[in-house]
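# Structural description and commentary
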Amino acid sequence: MNLMKYRLPASVAVLIALVGLTAWVGRNRSETRPDSQGETSIPDIDDSEITAVEITRPDENKVRLVKKEDVWRIELPLDAEANESAVQTALSKLGSLDIRGVAATRAQNHARLEVDESHAVQVKIERDNETVATLLLGAFRGGNTMVRAAGEDRVYNAKGSIKYAFNKDLDDWRNRRVVDLELQNITEVHFESQNGAYGFRRNGDDWEQLLGSDEHAVEKLASSKVEGHVRSLVSLSATGFAEPSLTVSNAGLEEPRAKAILVFTESDSTPDEDAAPDDSDLSEVQSTTGDATPPETEKITLLLGGTAEGEGRSYLQRQGNDLIYIVTQGIEEKMMPDEESFQMSEEGDEGSGPLNVAPNSPTGDIPPEILQQLQQMQTPGAGSP
């Protein structure tokens, strides 16, 4: 009898506890369940109509990008050419924004989901001087990015990684390309440094030496090695920029350690083998006496200055341009070659030459969340119990 006396109150207590637990779970699930019926407060964005974007990161200066005559420039915190690739990546993320559901509805969840002002990257989107939307981009959870419209409490799940495309330093928004030429358009190249002076001229698919009063002769010249040095310079990108307060003198550019000169034609003169000549082409060929006027050439001169802060970094300037870039040690080596740099190997075979494609170009736009997962997969034992 005593056992039955206490069993009923205990059962009631357990029932109350279960009801309370169910209500608590339901309330918390409502913070993360997809909202398949309600409309979002985030509008559809046509990235082709965007004319300005402002990016504000916590404790960082605002970066304002503006489209002027179909060209993107940085307007704040300085006036500079924008990195077109970085801008287009950011715009595509806005244009393909895919809201999958609601992650939270209360402000107390903003910090946890990193959509509060202390954690989020704020993106203001404009079209013709009118604000289309201001979004706060937060944490990456379960394959989605947390997104909140400014001034609202509701937080949405947006498909994929988005924040990384806007979470960039100022230098990453700037155009870091120093030289952008076609390899086949280079007709001559000259190098001057403490290691000697060397000059080369293109002869078909090969390179031959230019021996002036200052140039050094190279024994057993490997044409492919000349090509490797040229290849490194025709698509040269910097790793960053010097501080605006740095003078040419302090950067060691008044008396540079090295100089590289690229002589080039404006366009590719290589004929299109697939194109059949028309009558006008034939008449031109027939009227040619063999004394064709050589194409006009231009030149770009690169100056290598002193060492910059940080290991293996140097200052570089393109003559006629006030910008002072920072480049890696790999570029320094290409601009300061010695005779051995252009010689055949001991076996006498040129080999394929060094493959050096934009050695100091920025890394690809791989989302850091995805990169971390790839690194974990490549680490032996990663994820193992």
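Quick summary incoming for the structure in this document. (Residues numbered from 1 in each chain as written. Predicted model: local features only at pLDDT ≥ 70, side-chain atom pairs only at ≥ 80, totals over all residues. Heavy atoms only, no water.)

## Topic: the pattern of salt bridges
Overall, the coordinates contain 16 salt bridges when judged by the stated rule. With a closest N to O distance of 3.7 Å, glutamate 126 and lysine 124 form a salt bridge. On the basis of relative accessible area, lysine 124 is assigned to the partly exposed category, the value being 26%. Linked through salt bridges whose partners overlap, the residues forming this network are Glu54, Lys62, Arg64, Lys68, Glu75, Lys124 and Glu126. (Salt bridge = Lys/Arg side-chain N within 4 Å of Asp/Glu carboxyl O. Buried < 20%, exposed > 50% of the residue type's maximum accessible area, 1.4 Å probe, protein only.)

## Comments concerning unusual backbone geometry
Here leucine 76 and proline 77 are connected by a cis peptide whose omega angle stands at 5 degrees. Along the polypeptide, proline 77 turns up in the loop between strand E3 (71-76) and strand E4 (80-81). The phi torsion at aspartate 70 lies on the positive side, around 65 degrees, for a residue other than glycine. Tracing the backbone shows aspartate 70 in the loop between strand E2 (63-68) and E3. Look at aspartate 70 and you get exposed, because its relative accessible area is 63%. Its identity is not glycine, yet asparagine 129 carries a phi of approximately 70 degrees, on the positive side. Here asparagine 129 is to be found in the loop between strand E6 (121-127) and strand E7 (130-141). (Helix = DSSP H or I, 4+ residues; strand = E, 2+ residues; numbered from the N terminus.)

## Points about the nonpolar core
Counting 33 residues, the largest nonpolar core has Phe200, Leu302, Leu316 and Met335 as its most contacted members. Taken together, the elements giving at least two residues each to this core come down to strand E10 (186-193), strand E11 (196-203), helix H4 (223-234), strand E14 (258-265), strand E15 (297-307), strand E17 (325-328) and helix H6 (329-335). In contact with methionine 335, not counting residues within four places along its chain, are Phe191, Glu192, Ser193, Leu233, Ala258, Lys259, Ala260, Leu302, Leu303, Leu304 and Leu316. Membership of the second largest hydrophobic core comes to 32 residues, among which are Val63, Leu91, Leu94 and Leu135. (Core = buried A, V, L, I, M, F, W, Y, C linked by side-chain atoms within 4.5 Å. Contact = heavy atoms within 4.5 Å.)

## Re the sheet that holds E3
Pairing between sheet strands relies on hydrogen bonds along the backbone, with the strands arranged either parallel or antiparallel. Taken in spatial order, the 9 strands line up as E4-E3-E2-E1-E6-E7-E8-E9-E5 in an open sheet, and their pairing is antiparallel. Because the sheet does not close on itself, it has two edges, and the strands there are E4 and strand E5 (99-104). As judged from the 4 bridges shared by strand E1 (residues 52-56) and E2, these two strands associate in the antiparallel manner. Opposite glutamate 54, over in E2, you have arginine 64 as the bridge partner. This element, helix H2 (residues 84-95), spans E1, E2, E3, E6 and E7 of the sheet and lies at about 95 degrees to E3. (Pairing = 2+ DSSP bridges. Axes fitted to C-alpha atoms, helices over the stretch in contact; angles between N-to-C directions.)

## Section: the environment of valine 189
Counting through the fold element by element, valine 189 comes out in strand E10. Given a relative accessible area of 0%, valine 189 falls into the buried group. Residues valine 189 and threonine 301, 112 residues apart in the sequence, show an inter-C-alpha distance of 9.9 Å. Each residue touching valine 189, except ones within four places of it in the same chain, is listed here: Tyr198, Gly199, Phe200, Trp207, Val226, Val230, Ile261 and Leu262.

On their own, these measurements won't tell you what the molecule is for.
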